[in-house]
Structure formats: structure tokens, C-alpha cells
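Reading the structure
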Amino acid sequence: MAPAAVKVIGVVGSGQMGSGIAQVAAVAGFDVWLHDSDPAALWRAEKAIGNSVRRLVSKGELSQLAGTDSLNRLRYTSTLADIRNSDVIIEAIVESEVVKKNLFLELDKIAKVSAILASNTSSISITRLASSTSRPTKVIGMHFMNPPPIMKLIEIVRGADTSDEVFMTIKTLSERLGKTVICSQDFPGFIVNRILMPMINEAFFALYTGVATKEDIDTGMKLGTNHPMGPLQLADFIGLDVCLSILKVLHEGLGDSKYIPCPLLVQYVDAGRLGRKQGIGVYNYQNKSQPVKPLSSL
């Protein structure tokens, strides 16, 4: 069957990922509903998207007319039922299987029968998320990279029951969003995080055991392997809590001790040092002149 036409996209979760996905979809010409249960979070997202689009216009990457049209295509709501007429609904909430399953249960009730439910999860089983719905053939993983307006990749993950038509619809949609598509089987961590998170975890072990300072670890990986940022800096950008959640999924799903989260990463999360979004993680983003007091190490 030919892929279904997509005109309206709903995005649930207005954090950095959700707002970025909404912006990408609006710029690509789709009508977009962005939902968050927290009105203050929606206000921050609207402000951030507006600033981001205006930067694109100022740099000549979007015309003034296209920028205005993109912002006009966006609707913001704290009422989940408002997104019920979306052709595709993309979930971009906290990386918790229980929370995501509860959301998919609600989306299954309110979304039109033909709607595709996609998850931006970075590690959780699409098959298990689909099992909480009455439409497992219409559930798929659509993993954007962070930040979505800049990163060119989308990782598509088929659940056990995802139909060929749904896969082709999401592949076509991803390409219309200007992204390159890679496809993963439904295994813990998929492709990118299956490879990336052990590297980040090992960087934490290097810091934990006193191999080097955080600056030298990051500089070594940037200049020695041509990475755009070091693994500890990248972990701060992703969110240390997200990194920890993914490593737990990898360890529980694959049963290999190499995925056990570094105790130092666990300690940072326990201390509330979650990275850039919190203003402090491995590095201090609130007062850069003030060094971060290191947590315990060997």
C-alpha cells in the first residue's frame, strides 16, 4: 500500500526535544499541535521556537515569509484532546517506560483510528509501548537526534507488529522533514545509543577512577577522534538522567555487565546535577568562572 498522506502532526512534550520536533515539522510545512500538561513549559517552548526561527531568518536560512508561516502553523495546548485530529502523534516525554505506556494508552483513546503513534524514545522497546494500545500495527519509533532543528538524522524503529504502510509513511515523513533515515531493529538502545552510551559511560569511569580531568577527557576525544564535543560535555547536553535511563535499559535488556552505569554518573543524577538543563552537571553552566566541586571518586 502507498504511504498515507500526513498533514497534521501532534507533538506531546514541549521540552528541548519536543519543541525542536515541533519547529522542524512547522518549518517543513505541516500544521503542528504542541502539547504539554504544564502551561509554563508551553510558554517557554513557544518563546524558544520563536527565537530559533528568527535566528534562521536572520542568517538567511529561512525567508521572512517562510519564518512567519512556520510560526503560524504552530498551535500550543495543555489539553491532550486538542491533538486528536493529528495524522501522526509524536511522543517526546520523559524516558520512562511506565510513563510512556500510560501516555500511549491515553493517545490510543483520543486519536483518530487512522493516526500513527510514534515515540521519540532513545532506547525503550517499541513493541512494549505498542502493547499498551489497540493499534500496535500503527506504533513506531521515530528517534530524532538532539537538537532536532540542527541534527540531520532520524532513527526509525519498527515494533514487532508495525505495518509496512506505517513504516513507509514515517520514512516518507522523515525525508520531508529534511532528515536522513536509518532503520534499527527493536533492540535496547537501537543503533546510536547502543554505541554512544557505553562511550559516555566509559568517560565517566575514566573520571571516576582518576585517569584524567574532565577537561582532558573531553579535549582528548574532541581532538583525538574529531568529535564535535567531548563525551562528558555531550552527556551534560543530553541530560545525565537520560544517559542513566538509557544505560539501565541497555543493562536490563541485554544483561551484559559492560552496560552497568558508572557510580559517578549515578551520583551526579542523585545530586540533581542533570546537565545543561539544570544549569550544572559535570560542568557549571550558571557561573562558568566558578569550578564545579567534583563528586566522590576512587
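Residues numbered from 1 in each chain as written. Predicted model: local features only at pLDDT ≥ 70, side-chain atom pairs only at ≥ 80, totals over all residues. Heavy atoms only, no water.

This part covers the nonpolar core. Core analysis: the biggest nonpolar cluster contains 36 residues, and Met 142, Ile 170, Leu 173 and Leu 177 have the highest contact counts within it. Look past the residues within four positions of Leu 177 in its chain and what remains in contact with it is Val 24, Ala 25, Ala 28, Phe 30, Met 142, Phe 144 and Ile 154. Ranked by size, the runner-up nonpolar core spans 28 residues in total, among them Phe 204, Leu 232, Ile 246 and Tyr 268. (Core = buried A, V, L, I, M, F, W, Y, C linked by side-chain atoms within 4.5 Å. Buried < 20%, exposed > 50% of the residue type's maximum accessible area, 1.4 Å probe, protein only. Contact = heavy atoms within 4.5 Å.)

Moving on to the UniProt feature "binding site: NAD(+)" (unreviewed entry) in the chain. The feature "binding site: NAD(+)" (unreviewed entry), as annotated in UniProt, sits at Gly 13, Ser 14, Gly 15, Gln 16, Met 17, Gly 18, Asp 36, Glu 95, Lys 100, Ser 122, Asn 146 and Lys 277 in this numbering. Note that Ser 122 resides in the loop between strand E5 (116-119) and helix H5 (126-130). Of the residues examined, Ser 122 reaches a relative accessible area of 8% and is grouped as buried. Non-local contacts of Ser 122, meaning those with residues more than four positions away in its chain, are made with Glu 95, His 143, Gly 189, Phe 190, Asn 193, Val 242 and Ile 246. Take Asn 146: it is sitting in the loop between strand E6 (139-144) and strand E7 (153-158). Setting aside its immediate chain neighbours within four residues, Asn 146 contacts Gln 16, Met 17, Met 151, Phe 237 and Ile 238. For Asn 146, the side chain forms a polar contact with the side chain of Gln 16, separated by 2.9 Å. (UniProt positions renumbered as here; feature names shortened; annotations may be inferred. Helix = DSSP H or I, 4+ residues; strand = E, 2+ residues; numbered from the N terminus. Polar contact = N/O pair within 3.5 Å; in protein donor to acceptor, adjacent residues only side chain to side chain.)

A word on the packing of aromatic side chains. Applying the stated criterion across every chain, the model contains two aromatic pairs. Measuring from ring centre to ring centre gives 6.4 Å for Phe 205 and Tyr 208, while their planes differ by 65°; the resulting arrangement is edge-to-face. Highlighted residues: Phe 205 and Tyr 208, both in helix H7 (residues 192-208), separated by three residues, approximately one helical turn. Note on Phe 205: relative accessible area 26%, which makes it partly exposed. (Phe/Tyr/Trp six-rings, centres within 6.5 Å; stacked < 30°, edge-to-face > 60°.)

Before going further, it helps to spend a moment on the side chain of Ser 19. Residue placement: Ser 19 occurs in helix H1 (residues 16-27). For Ser 19, a relative accessible area of 10% gives the class buried. Excluding residues that lie within four positions of it along the chain, Ser 19 makes contacts with Gly 13, Ser 14, Leu 34, Ala 45 and Ile 49.

Looking now at the pattern of salt bridges. Under the defined criterion, the tally for this structure stands at 14 salt bridges. Measuring nitrogen to oxygen at the nearest pair gives 2.7 Å for the salt bridge that ties Asp 87 to Lys 112. Here Asp 87 is found in the loop between strand E3 (74-77) and strand E4 (88-91), whereas its partner Lys 112 is found in the loop between helix H4 (97-110) and E5, with 25 residues between them in sequence. Given the relative accessible area of 16%, Asp 87 is considered buried. Taking relative accessible area as the criterion, Lys 112 reaches 28% and is therefore assigned partly exposed. Between Lys 101 and Glu 97 there is a salt bridge whose closest N-O contact spans 3.4 Å. With a gap of four residues between them, Lys 101 and Glu 97 both fall in helix H4, about one helical turn apart. With relative accessibility at 22%, the residue Glu 97 sits in the partly exposed group. Linked through salt bridges whose partners overlap, the residues forming this network are Asp 31, Asp 69 and Arg 73. (Salt bridge = Lys/Arg side-chain N within 4 Å of Asp/Glu carboxyl O.)

For the rest of this paragraph, the subject is the UniProt feature "domain: 3-hydroxyacyl-CoA dehydrogenase NAD binding" (unreviewed entry) in the chain. When the UniProt feature table is mapped onto this chain, "domain: 3-hydroxyacyl-CoA dehydrogenase NAD binding" (unreviewed entry) is found at residues 9-186. Between the C-alpha atoms that bound residues 9-186 the distance is 24 Å, and the span itself is 41% helix and 21% strand.

Let us now look at a nonpolar patch on the surface. On the surface, Val 94, Val 98 and Val 99 cluster together into a nonpolar patch covering about 250 Å² of accessible area. Mapping Val 99 onto the fold places it in helix H4. (Patch = residues over 30% accessible without salt bridge, like charges linked within 9 Å, V, L, I, M, F, W, Y side chains within 5 Å. Areas by Shrake-Rupley, 256 points an atom, 1.4 Å probe, with all protein chains shown as cover.)

Attention shifts here to the pairing of strand E2 (residues 31-35). As paired elements, strand E1 (residues 8-12) and E2 share five bridges and run parallel to each other. Opposite Val 12, over in E2, you have His 35 as the bridge partner. Between E1 and its parallel partner E2, the chain crosses via H1, and the hand of that crossover is right-handed. Pairing analysis gives four bridges linking E2 to E3, with the strands arranged parallel. Paired with Leu 34 across the bridge in E3 is Tyr 76. (Pairing = 2+ DSSP bridges. Right-handed = clockwise from strand over helix to strand, strands pointing away.)

Next up on the list: helix H2 (residues 39-58). Here H2 spans 29 Å end to end across 20 residues, near enough to the 28 Å set by a 1.5 Å rise per residue. Lining the buried residues of H2 we find H1, E2, helix H3 (64-72) and E3. Sitting at the head of H2, Asp 38 places a side-chain oxygen 3.0 Å from the backbone nitrogen of Ala 40. A positive phi of about 80° marks Gly 60, the residue just after H2. (Expected span 1.5 Å × (residues − 1).)

Viewed as axis vectors pointing N to C, helix H10 (residues 240-254) and helix H11 (residues 263-270) meet at an angle of 130°, and their least axial separation amounts to 9 Å. Compared by their axis directions, H10 and H11 come out oblique. Read as a crossing pair, H10 and H11 show a hand that is left-handed. Of the residues in H11, those in contact with Leu 240, Asp 241, Leu 244 and Leu 247 of H10 are Leu 265, Val 266, Tyr 268 and Val 269. Residues that form the contact of H10 with H11 fall into these classes: seven nonpolar, no polar and one charged. (Axes fitted to C-alpha atoms, helices over the stretch in contact; angles between N-to-C directions. Parallel < 35°, antiparallel > 145°, perpendicular 65-115°, else oblique. Left-handed = near helix turned anticlockwise from the far one by under 90°. Nonpolar A, V, L, I, M, F, W, Y, C, P; charged D, E, K, R; others polar.)

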